[in-house]
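Residue-level structure breakdown
So the chains spell out like this:
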Amino acid sequence: TQSTGEEEQEEEQSDFDCPEPTGWFASPTSCADYYGCSGDVAWKYTCAEGTLWDVDNCQWSDLVNCDKDGGEDEEEEQEEEQEEEQSDFDCPEPTGWFASPTSCADYYGCSGNVAWKYTCAEGTLWDVDNCQWSDLVNCDKDGGEDKEEEQERRTGRRTG
């Protein structure tokens, strides 16, 4: 499953009621938010700019049919996407999701050879085509931090 990015995670656990003990679930009130549940504990996430939650991952907003109350409408999302700063990353293909050459936590979304930089949510790193829990990712970028150093930098906590 390709994920277009988990941009941010709430600092506190959520009061969302997990429908199953483990998994990813849509927010009942926002098209951009979703919840990760582990052991019946929910954590709230927000899809990256310009994307919305669609069944089991974040997708470009123009590919998602969602009209939940409390979510941003399509016009507001398009304005925010246009305001977002573009990246100087060179897209290897005109459209797709690509790992950062220097960071295990960062990745780029390309559309029409225009790149936008995204960062995986806390506790996750980019792995081939989506953000995964950091302990499942083998990433050691040349010239970049190793997985443990990067997680420590991002969370302020030692991992080993």
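Up top you'll find the structure we're talking about.
Notes on the structure in this doc start here. (Residues numbered from 1 in each chain as written. Predicted model: local features only at pLDDT ≥ 70, side-chain atom pairs only at ≥ 80, totals over all residues. Heavy atoms only, no water.)

A closer look at the packing of aromatic side chains
Put simply, the rule reads: The rule is short: rings of Phe, Tyr and Trp, with Trp giving its six-membered ring, pair when the centres are within 6.5 Å, and they are stacked under 30 degrees, edge-to-face over 60, tilted in between. Think of it this way: any DSSP run of H or I at least four residues long counts as a helix, any run of E at least two long counts as a strand, and we number them from the N terminus. A simple rule labels every residue: compare its accessible area, found with a 1.4 Å probe on the protein chains alone, to the largest value its type can have, and call it buried under 20%, exposed over 50%, or partly exposed in between.
In this structure the tally under the stated criterion is 12 aromatic pairs. Between tryptophan 24 and tyrosine 45, the ring centres sit 5.3 Å apart and the planes meet at 65°, which makes this aromatic pair edge-to-face. Residue tryptophan 24 is found in strand β2 (residues 23-26), and its partner tyrosine 45 is found in strand β4 (residues 41-47); the two are separated by 21 residues along the sequence. Consider the rings of tryptophan 97 and tyrosine 107, whose centres lie 5.8 Å apart with planes at 55°: the pair is tilted. Within this pair, whereas tryptophan 97 is found in strand β7 (residues 96-99), its partner tyrosine 107 is found in strand β8 (residues 106-111), the two being separated by 10 residues in sequence. Comparing tryptophan 97 with tyrosine 107, the two get one shared label, buried.

Concerning a nonpolar patch on the surface
The line we're drawing: Distance thresholds for patches are 9 Å for like charges and 5 Å for nonpolar side chains (Val, Leu, Ile, Met, Phe, Trp, Tyr), applied to residues having over 30% relative accessible area and no salt bridge. In short, Shrake-Rupley with a 1.4 Å probe defines the accessible areas, and a residue's cover is counted only from the protein chains shown. Put simply, a salt bridge is a Lys or Arg side-chain nitrogen that is within 4 Å of an Asp or Glu carboxyl oxygen.
A contiguous nonpolar patch, built from Trp24, Trp133 and Leu136 and spanning about 320 Å² of accessible area, is present on the exposed surface. With respect to the helices and strands, leucine 136 occurs in the loop between β11 (130-133) and α2 (147-155). When its relative accessible area of 55% is taken as the criterion, leucine 136 is described as exposed.

Focus on the layout of surface pockets
Over the atoms, a rolling probe the size of a water molecule traces out where space has been left empty. Applicable threshold: A cavity here means a set of 1 Å grid points, computed over protein atoms only, where a 1.4 Å probe fits but cannot escape. A pocket is an open set with protein on both sides within 12 Å along at least 5 of 7 lines, and lining residues have an atom within 4 Å of a point. Grid points are joined across faces, edges and corners, and a volume is the space filled by probe spheres set on the points. Residues are grouped as follows: Ala, Val, Leu, Ile, Met, Phe, Trp, Tyr, Cys and Pro are nonpolar; Asp, Glu, Lys and Arg are charged; every other residue, Gly included, is polar.
When its volume is computed, the second largest pocket comes out at roughly 170 Å³. Together, 12 residues line the second largest pocket, and Gly36, Ser38, Trp43, Tyr45 and Trp133 are the ones closest to its centre. For the lining of the second largest pocket, the element with the most residues is strand β3 (residues 33-38), which contributes 3 residues. Residues that form the lining of the second largest pocket fall into these classes: 5 nonpolar, 6 polar and 1 charged.

A few points about the pattern of salt bridges
Taken as a whole and assessed by the stated rule, the structure comprises 2 salt bridges. Across the salt bridge formed by lysine 117 and aspartate 106, the nearest N and O atoms sit 3.4 Å from each other. One end of the pair, lysine 117, is in strand β9 (residues 114-119); the other, aspartate 106, is in strand β8, and 11 residues separate them in sequence. Using a relative accessible area of 42% as the deciding quantity, one classes lysine 117 as partly exposed. By relative accessible area, aspartate 106 is classed as buried at 11%.

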